[in-house]
Amino acid sequence: MLKFGQLDESTHVHDQQKEKVGPVTVINTLVAPEGKEDEVVAAWTADAEYLKKSGSLLSVQLYRGIGGSRQFTNIAVWKSTEHLRAALGMPEFASYVEGYPDGTIAYPHLYQKLAVEGVCEGE
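Residues numbered from 1 in each chain as written. Predicted model: local features only at pLDDT ≥ 70, side-chain atom pairs only at ≥ 80, totals over all residues. Heavy atoms only, no water.

A. How the structure looks around the nonpolar core. Core analysis: the biggest nonpolar cluster contains 24 residues, and L30, L51, W78 and Y100 have the highest contact counts within it. Counting residues per element, the ones that place at least two in this core are β2 (24–31), α2 (37–52), β3 (57–64), β4 (71–78), α3 (81–88), α4 (93–97) and β5 (105–111). Counting residues per element, this core draws most heavily on α2, which supplies six residues. With sequence-adjacent residues up to four places away left out, L30 is seen in contact with L2, V40, W44, R70, Q71, F72, Y100, I105 and A106. (Core = buried A, V, L, I, M, F, W, Y, C linked by side-chain atoms within 4.5 Å. Buried < 20%, exposed > 50% of the residue type's maximum accessible area, 1.4 Å probe, protein only. Helix = DSSP H or I, 4+ residues; strand = E, 2+ residues; numbered from the N terminus. Contact = heavy atoms within 4.5 Å.)

Shown next, in the form of structure tokens:
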């Protein structure tokens, strides 16, 4: 089963979901147990296919660390935090979380695009 960790102890992902903003980007780093990388990809695929059916997931992409890394990073853009909460709160979603191999750790965090003048555009 999937366990959740925090990279930023000052801001829990559940508190971030309470903000009323959109669009919102979820960047979730997954660490696969040794030898279970393919199982993590299979679980993530089922998870992502289910969440795409919500209609409020704007885009999703999975990245894999190179050089023998067991890390994966999922970047998903949602219409809003309200849409994200609704999708994650559906009773069926819990079964997808249980599909990850034991020892898998997820580090989710929510973001919004930041405008930096002359470099990049924000929301």
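The discussion continues.
B. Fine view of the packing of aromatic side chains. Inspection of the entire model under this criterion finds one aromatic pair. Measuring from ring centre to ring centre gives 4.6 Å for Y50 and Y96, while their planes differ by 20°; the resulting arrangement is stacked. With Y50 in helix α2 and Y96 in helix α4, the pair connects residues that are 46 residues apart, well separated along the chain. (Phe/Tyr/Trp six-rings, centres within 6.5 Å; stacked < 30°, edge-to-face > 60°.)

C. Region of the structure containing the environment of K20. For K20, the location among the structural elements is in the loop between α1 (13–16) and β2. With 61 residues separating them along the chain, K20 and T81 place their C-alpha atoms 6.0 Å apart.

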